Amino acid sequence: MKKLLYILSLSIVLTSCKKWLDINDNPNSANSTVPTADQRLPPLIAQFVDAYESAGTRAAFLSQQLAVTYAVNNNWNLTRWYSNTSSANWPWQCWYVNSAVNVAPLIAAAEKVGAYHYIGAAKIIKAWGFGALADFYGMMPYDEFDDASTITPKFDDGSYIQGKVLELLDEGIADLQKTQEIGAPELAKGDILNNGSVDKWIRLAYGLKARFLNHLSKTAEYNPDAVLAALANAPQENAQSAVMQYVDESATTSSSVKAALQYANTGLSARITKLYLDYLTNNYTGAPTGPMEDPRIDLLVPRQADKAGNLIRSQGVDMTSDLPKTGPASYSFNASTNAFSNKDSVYVIMRKTPAAPGPGDRIQSTGTWYTERGGKGLLLTNAEMKFIEAEIMFRQSRPADALTAYKAGIRAHMGLLGINATAIEDYLASSSVVQDANALTLSHIMIQKYIALSYSIELWADLRRMDYCTDASGNYNEAAGVYKGFQRPSHCFADAYPNATDWPRRFAVPSYEINYNIERVLEANPNADKPTYLNQRVWWDEQ
C-alpha cells in the first residue's frame, strides 16, 4: 500500500516586506485564495478517491478477498483482522489533510462566481467521505475537524455524522439543480469523475443516500421505502455510474502516480483467496450447480503461463489453513532457467507481468481488471444499486422482483467489466445462475454483490450487516449464515478476537489521534486504545 506521507504546513510571515507583498495577489503563485473552483475540484476528487479506494483495499484484506505473501507487516496483520494504528493512518490522513479541509475553500471560491454545480459536487464529496469513513472507523471528528483554533477536536459518533451526511447530500442535489451564474465555469472544466454531467452527480448523491439508508437494515429506523425512493433517482444504467478512470502513460511507465489505486495498493504481495475464487466458481453451500463458467473469472483471477505456454489460473489462498501463518512465500522468476523460485508461485501476483510482454516472454501474470495500470475504480455503480434493490425485494417477500434485480446486478457488473453482451445473457440464462425465484436466497444475492464490490469499502459494511456467516449466537454456521464459507482465519489476532463469536466490526483509531488527541478519543470511547475495540459494533450494527 501507499507509504504514509507526512504533510507539514509552514506559514512564513514577512513583516518587514508587508507593504510590498500586500498590494495584490500573484495569480501564478499559490495561496489560499487564488485558485478558482475549477482548479480546486480535480485535486479534491483525486485525493478523495485515494482515501476511498485505499480504505477499500484494506477492507478487501479484512473481507477475505485478498491474501498476502508472508511478512509481518500491516497487510499481513489485516488478513488476521488486526487493523493497528499504523495501517489505519493513510485513509484518515488522505481524507482529512488532502481532501476534507479543501472542501470549504472550494465552496468559497465557487460562491464568488455563482458556480453552484461546483458547490453541489463539493458537498457530495464531503458527505461521501465522512459517510464512508465514519462507517469504517465508527467515530471521527466532524463538527470541529475544520476549526483552526481547535488542536484536539472532539470525536463524533457515526450516527451523528450520518445525519449530517444526509443533509449535505440533499443540499448538494439542490445546488446542482440550480442554474449557474453567467461567467461561472462549466462543471466539465474541473470534473475528472463525471465529466461535467450534472445528472450523474445528482444520481451519485441519490445512490449514496440509498447506500447509507440501507445500512440501517438491523435498526428500528430502517425504512426500505426510503431506500427504494433514493434508488429510483440513483444510477439506472452503467453509463450513469460513478467510475474513476485512471491514466497511465504507457504499459512500461515506472511511475504509479497516475495508475489505478488498486494497481498501487495491491502491489506485488497481494494474492487471491480461496473464498473469492470459490464464490466466482459457485463452490459454496447452496450455490447454483450449473456447468457454465462465470465469464468474469479470467478478468478477476490472474493467470500464469506454464513452460508450454498454457495459461493456468492462480490458486486461492485458504485463509482457514495453516498457510497464512507463514506463507505463501513471495517468489521470483529466472528467465535463464525459465523457472520460478519456489512452489508458491501457484499463488499468482496481481499485477500484469511483464507489463509489456515481448516475443518469447513467459507470462508471469495476466493481472486482473481491477489492477490494470490504467484501469478503473468502481466507486458507486448501477450494479450495486440493483443488488440493494434485490435485497429489499427479498426482505419484502417479492421473490420475482428480487430475482429480476439479482440478475440485473450481475448483468451490470459484467457490463462494467466489458464482457460481451451475448456471453452475459448466455450465462444469465444458464443453470449457473438462480432461475427459480422461490429458490433465490439472501446468500445468492449478497455473494454476487460481494463479487461486484471487489476491493470496495462498502463490501465490509455488508459483511457486518449480515453478520458474516454466523447464526444468532455469533458462531460460524454454514447453514444459517449468509456468506457461506467465510470463517475466522487460522492466524486470527486473538487479542482482539478472543472468542469464537468475535468478528471485525470497526477499524483502529489512527496513530495521530492516539498519540496527540488521546483524551478526546477516550472521551468518545473508553475502549478505543484496547485491542478488543476492533470487535465493537458500530452504531448501525448493534444488536
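Above this note sits the structure.
Residues numbered from 1 in each chain as written. Predicted model: local features only at pLDDT ≥ 70, side-chain atom pairs only at ≥ 80, totals over all residues. Heavy atoms only, no water.

Undergrad: Could you clarify how one ought to interpret the packing of helix α14 (residues 382–395) against helix α17 (residues 442–452) in this entry?
TA: A packed helix pair is summarised by two numbers, namely the angle formed by the two axes and the spacing between the axes. The interhelical angle for the contact between α14 and α17, taken along N-to-C directions, is 165 degrees, at an axis separation of 10 Å. Between α14 and α17, the interaxial angle falls into the category roughly antiparallel. Both α14 and α17 take part in a crossing whose hand is left-handed. Here α14 contributes E384, F387, I388, A390, E391 and F394 to the contact with α17, which in turn contributes L442, I445, M446, Q448, K449 and A452. (Axes fitted to C-alpha atoms, helices over the stretch in contact; angles between N-to-C directions. Helix = DSSP H or I, 4+ residues; strand = E, 2+ residues; numbered from the N terminus. Parallel < 35°, antiparallel > 145°, perpendicular 65-115°, else oblique. Left-handed = near helix turned anticlockwise from the far one by under 90°. Contact = heavy atoms within 4.5 Å.)

Undergrad: Mind showing me how you'd approach the nonpolar core here?
TA: Inside soluble globular proteins, nonpolar side chains tend to come together where they are buried. By size, the foremost hydrophobic cluster in this structure holds 157 residues, and its most contacted members are W95, W128, F130, W201, Y483 and F486. It is helix α6 (residues 116–137) that contributes the most residues to this core, 14 residues altogether. Contacts of W128, omitting those with residues within four sequence positions, involve F48, Y52, L193, L204, L208, R211, F212, A242, L379 and L380. (Core = buried A, V, L, I, M, F, W, Y, C linked by side-chain atoms within 4.5 Å. Buried < 20%, exposed > 50% of the residue type's maximum accessible area, 1.4 Å probe, protein only.)

Undergrad: Can you help me understand α17 in this one?
TA: Because each turn of an α-helix spans 3.6 residues, side chains separated by three or four positions end up pointing in the same direction. Among the 11 residues in α17, 11 count as buried, and that is most of the element. Residues of α17 that are buried include every one of L442, S443, H444, I445, M446, I447, Q448, K449, Y450, I451 and A452, and no others. Residues of α17 that are buried in the fold lie against α11 (274–280), α12 (297–300), α14, α15 (399–416) and α18 (457–465).

Undergrad: When you look at unusual backbone geometry in this model, what are you seeing that I'm missing?
TA: With the exception of glycine, the majority of residues adopt a negative phi angle, and the majority of peptide bonds are in the trans configuration. Between G327 and the following residue, P328, the backbone shows a cis peptide bond with an omega angle of 0 degrees. Along the chain, T353 connects to P354 via a cis peptide bond; the corresponding omega equals -5 degrees. Note on placement: P354 falls in the loop between β9 (339–340) and β10 (376–380). One non-glycine residue, D467, lies in the positive phi region at around 60 degrees. Relative to the helices and strands, D467 resides in the loop between α18 and α19 (511–516). Exposure remark for D467: the relative accessible area of 12% places this residue in the buried category. The phi angle at Y468 is positive, at roughly 55 degrees, despite the residue not being glycine. Mapped onto the elements of the fold, Y468 is located in the loop between α18 and α19.

Undergrad: Looking at this structure, how should I read the side chain of T470?
TA: Inspection of the secondary structure puts T470 in the loop between α18 and α19. In terms of polar contacts, T470 uses its side chain to reach the backbone carbonyl oxygen of D467, at 2.8 Å. Ignoring any residue separated from it by four or fewer positions in sequence, one finds T470 in contact with N475, Y476, N477, A480, G481 and W503. (Polar contact = N/O pair within 3.5 Å; in protein donor to acceptor, adjacent residues only side chain to side chain.)

Undergrad: Help me understand the pairing of β10 in this model?
TA: Walk down a regular strand and you will see the side chains alternate between the two sheet faces. Taking burial as the measure, the 5 residues of β10 include 4 buried ones, the bulk of the element. Where strand β4 (residues 242–245) and β10 come together, 4 bridges link them in antiparallel fashion. Each residue of the ladder has a partner; that of V243, found in β10, is L378. (Pairing = 2+ DSSP bridges.)

Undergrad: Sorry if this is basic, but what is going on with the packing of aromatic side chains here?
TA: Two measures describe an aromatic ring pair: the distance that separates the ring centres and the angle between the ring planes. According to the stated counting rule, one finds 33 aromatic pairs in the structure shown. Both rings, one in W81 and one in F486, keep their centres 6.3 Å apart while their planes meet at 15 degrees; by these two values the pair is stacked. In this pair, W81 is assigned in the loop between α3 (74–79) and α4 (89–96) and F486 in the loop between α18 and α19, connecting sequence segments 405 residues apart. In this structure, W81 and F486 share a single accessibility class: buried. (Phe/Tyr/Trp six-rings, centres within 6.5 Å; stacked < 30°, edge-to-face > 60°.)

Undergrad: Honestly, the pattern of salt bridges in this entry has me stumped. Any pointers?
TA: Between side chains of opposite charge, a pair can form when the charged atoms approach closely. In total, this model carries 31 salt bridges according to the counting rule given. Between E391 and R395 there is a salt bridge, and its shortest N-O distance comes to 3.0 Å. On the criterion of helical spacing, the pair formed by E391 and R395 is a turn pair, its members being 4 residues apart in helix α14. When the shortest N-O distance is used, the salt bridge between D467 and R537 registers 3.1 Å. Residue D467 is located in the loop between α18 and α19, and its partner R537 is located in the segment after α20 (518–524); the two are separated by 70 residues in the primary sequence. (Salt bridge = Lys/Arg side-chain N within 4 Å of Asp/Glu carboxyl O.)

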